[in-house]
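# Fold and contact review
Chain residues, written in single-letter form:
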Amino acid sequence: SSGINAEYGQITLQGIKQINLSFCPFDRYAGTGEVREYYNKVSSPMTKKSNPDCAVNIKVLNDNSEPIISILYTDSEEKTYYPRTMSLSNIMRDIHLVTRRKLAEQNIPVDFGIAYRY
């Protein structure tokens, strides 16, 4: 991966069991667009190829609740991100770093789906 500079990363669903997304379409605040954008990235056929067993669930609410991106890893650790207070690129970077660390601990080579720009 030496050809990839710092502003590029990849999306892989390896090591991720489930992605749970929720948002309220009537939400006037930030975060809803980020959840939709993340959903589009992780549900693309190219990304799904990196782990066809990863379930991507999206819940559309109408209770003004805060948009959420929640990642359940195969080792049962769960991390929840709030795109209202954290940019999508930072959320994706964090997920990427956690995934890489977990795969490295298990000596699993990383199989990237697609490259994205931070």
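You'll find the structure just up there.
Below is a summary of the structure that appears in this document. Worth saying up front: this structure is predicted, and the values here are computed from it rather than measured. (Residues numbered from 1 in each chain as written. Predicted model: local features only at pLDDT ≥ 70, side-chain atom pairs only at ≥ 80, totals over all residues. Heavy atoms only, no water.)

## Describing helix α1 (residues 32-42)
Those residues of α1 that sit buried are Thr32, Val35, Tyr38 and Val42. Angular distribution of buried residues about the axis of α1 spans 125°; they occupy a single face of the element. (Buried < 20%, exposed > 50% of the residue type's maximum accessible area, 1.4 Å probe, protein only. Helix = DSSP H or I, 4+ residues; strand = E, 2+ residues; numbered from the N terminus. Arc of directions from axis to C-beta.)

## Some details on the pattern of salt bridges
Using the criterion set out here, one finds five salt bridges in the structure. Salt-bridge contacts for Lys41 lead to Glu37; the nearest nitrogen and oxygen are separated by 3.7 Å. On the criterion of helical spacing, the pair formed by Lys41 and Glu37 is a turn pair, its members being four residues apart in helix α1. Look at Lys41 and you get partly exposed, because its relative accessible area is 22%. Looking at Glu37, the relative accessible area reads 39%, which means it is partly exposed. (Salt bridge = Lys/Arg side-chain N within 4 Å of Asp/Glu carboxyl O.)

## Observations regarding unusual backbone geometry
In this structure, Asn64 takes a positive phi of about 60° despite not being glycine. With respect to the helices and strands, the residue Asn64 is situated in the loop between β3 (55-60) and β4 (68-73). Even without a glycine there, the phi angle at Asn107 is positive, about 55°. With respect to the helices and strands, Asn107 occurs in the loop between α3 (88-105) and β6 (114-117).

## Quick word on the environment of Tyr38
Mapped onto the secondary structure, Tyr38 falls in helix α1. Through-space distance from the C-alpha of Tyr38 to that of Ile69 is 8.4 Å; in sequence the pair is 31 residues apart. What Tyr38 contacts, discounting residues up to four positions off in sequence, is Ile19, Leu21, Ile69, Ile71, Leu88, Met92 and Ile95. (Contact = heavy atoms within 4.5 Å.)

## A look at the nonpolar core
Ile19, Tyr38, Ile69, Ile71 and Ile95 are the most contacted members of the largest nonpolar core, which totals 20 residues. Residue assignment for this core shows that the elements contributing at least two residues are β2 (16-23), α1, β4 and α3. A total of five residues in this core trace back to one element, the largest contributor, which is α3. With sequence-adjacent residues up to four places away left out, Ile69 is seen in contact with Asn20, Leu21, Val35, Tyr38, Lys79, Thr80, Tyr81, Pro83, Leu88, Ile91 and Ile95. (Core = buried A, V, L, I, M, F, W, Y, C linked by side-chain atoms within 4.5 Å.)

## So, the sheet that holds β4
The four strands lie next to each other as β3-β2-β4-β5, forming an open sheet whose pairing is mixed. Of all strands in the sheet, those with a lone pairing partner are β3 and β5 (78-81), marking the two edges. Neighbour to neighbour, the strand axes of the sheet diverge by 15° on average, direction disregarded. Relative to β4, β2 is paired through six bridges, and the arrangement is antiparallel. Note on β4: the bridge partner recorded for Gln18 is Leu72. (Pairing = 2+ DSSP bridges. Axes fitted to C-alpha atoms, helices over the stretch in contact; angles between N-to-C directions.)

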